[in-house]
Amino acid sequence: MAKPFWQTTPLAEMTTEQWESLCDGCGKCCLHKLVDDDTDELYFTDVSCQLLCAESGSCKQYATRFDIVPDCVVISQDNLQQLYYLPNSCAYRRLAEGRSLPSWHPLRHQGSKDAMVAAGISVVGRIINERDFAAELEDRIVTWPLQDTP
């Protein structure tokens, strides 16, 4: 049986299709984050980008997201090392660090996100959209986005 592409193809040699399929769609990179000015410590909040769907964990306007949210970041092979805020569960980060995809990753489940949601990795049902949020981000700090699995 042939090994899956993520075990045989270096990140730098992946096709666009392979690269895109690595994204598990957890939605964590679409959460607002805070950085402590004194310690540089990173904090995740449960407040999401206006385009992130709380029910699916997917971007509602993926193809045109940069037109709507100009500061949306593309995760690419060129900037992967600079994106320090990617959670430990992120497939891009995991592979760059020499780890494999976790057992819940959609690529291991014919594209289904069910195992990821069941493992508590996804934002599904756990976020508030920035459009519905009016308080201070500091009041919305959460630790669950930092959850990781072997």
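Scope of this entry: the structure provided in the associated data block. Model, not experiment: these values are computed from the prediction.

Quick look at the packing of aromatic side chains now. For the coordinates displayed, the defined rule picks out 3 aromatic pairs. Lying over the aromatic face of Tyr62, Arg65 brings its terminal NZ or CZ to 3.8 Å of the ring centre. One residue, Arg126, lies across the ring of Trp144, its end atom 4.2 Å from the ring centre.

Below, the discussion takes up the environment of Ile141. Assignment of secondary structure puts Ile141 in strand 4 (residues 141-142). Sequence-wise, Ile141 and Thr45 are 96 residues apart; in three dimensions their C-alpha atoms are separated by 4.2 Å. In contact with Ile141, other than residues within four places in its own chain, are Leu34, Tyr43, Phe44 and Thr45.

A few words now on unusual backbone geometry. You will see that Asp40, though not glycine, has its phi angle at about 65 degrees, which is positive. Here Asp40 shows up in the loop between strand 1 (31-35) and strand 2 (42-48). For Gln110, which is not glycine, the phi torsion reads 50 degrees and is therefore positive. With respect to the element layout, Gln110 can be found in the loop between helix 4 (91-96) and helix 5 (114-118). We classify Gln110 as exposed; its relative accessible area is 77%.

Moving on: the pairing of strand 1. Bridging between strand 1 and strand 2 involves 4 bridges; their strand directions are antiparallel. Of the residues in strand 2, the one forming a bridge with Lys33 is Phe44. The turn linking strand 1 back onto strand 2 is made up of 6 residues, and Asp40 within it adopts a positive phi angle of 65 degrees.

To continue, consider the pattern of salt bridges. Counted according to the given criterion, the structure contains 3 salt bridges. Across the salt bridge formed by Arg140 and Asp46, the nearest N and O atoms sit 2.7 Å from each other. One end of the pair, Arg140, is in the loop between strand 3 (128-129) and strand 4; the other, Asp46, is in strand 2, with 94 residues separating them in the sequence. The buried category is assigned to Asp46, whose relative accessible area is 10%. Among the charged side chains, a salt-bridge network with shared partners connects Arg93, Glu97 and Arg99.

Conventions and cut-offs
- Residues numbered from 1 in each chain as written.
- Predicted model: local features only at pLDDT ≥ 70, side-chain atom pairs only at ≥ 80, totals over all residues.
- Heavy atoms only, no water.
- Phe/Tyr/Trp six-rings, centres within 6.5 Å; stacked < 30°, edge-to-face > 60°.
- Lys NZ or Arg CZ within 6 Å of the ring centre and 35° of its normal.
- Helix = DSSP H or I, 4+ residues; strand = E, 2+ residues; numbered from the N terminus.
- Contact = heavy atoms within 4.5 Å.
- Buried < 20%, exposed > 50% of the residue type's maximum accessible area, 1.4 Å probe, protein only.
- Pairing = 2+ DSSP bridges.
- Salt bridge = Lys/Arg side-chain N within 4 Å of Asp/Glu carboxyl O.

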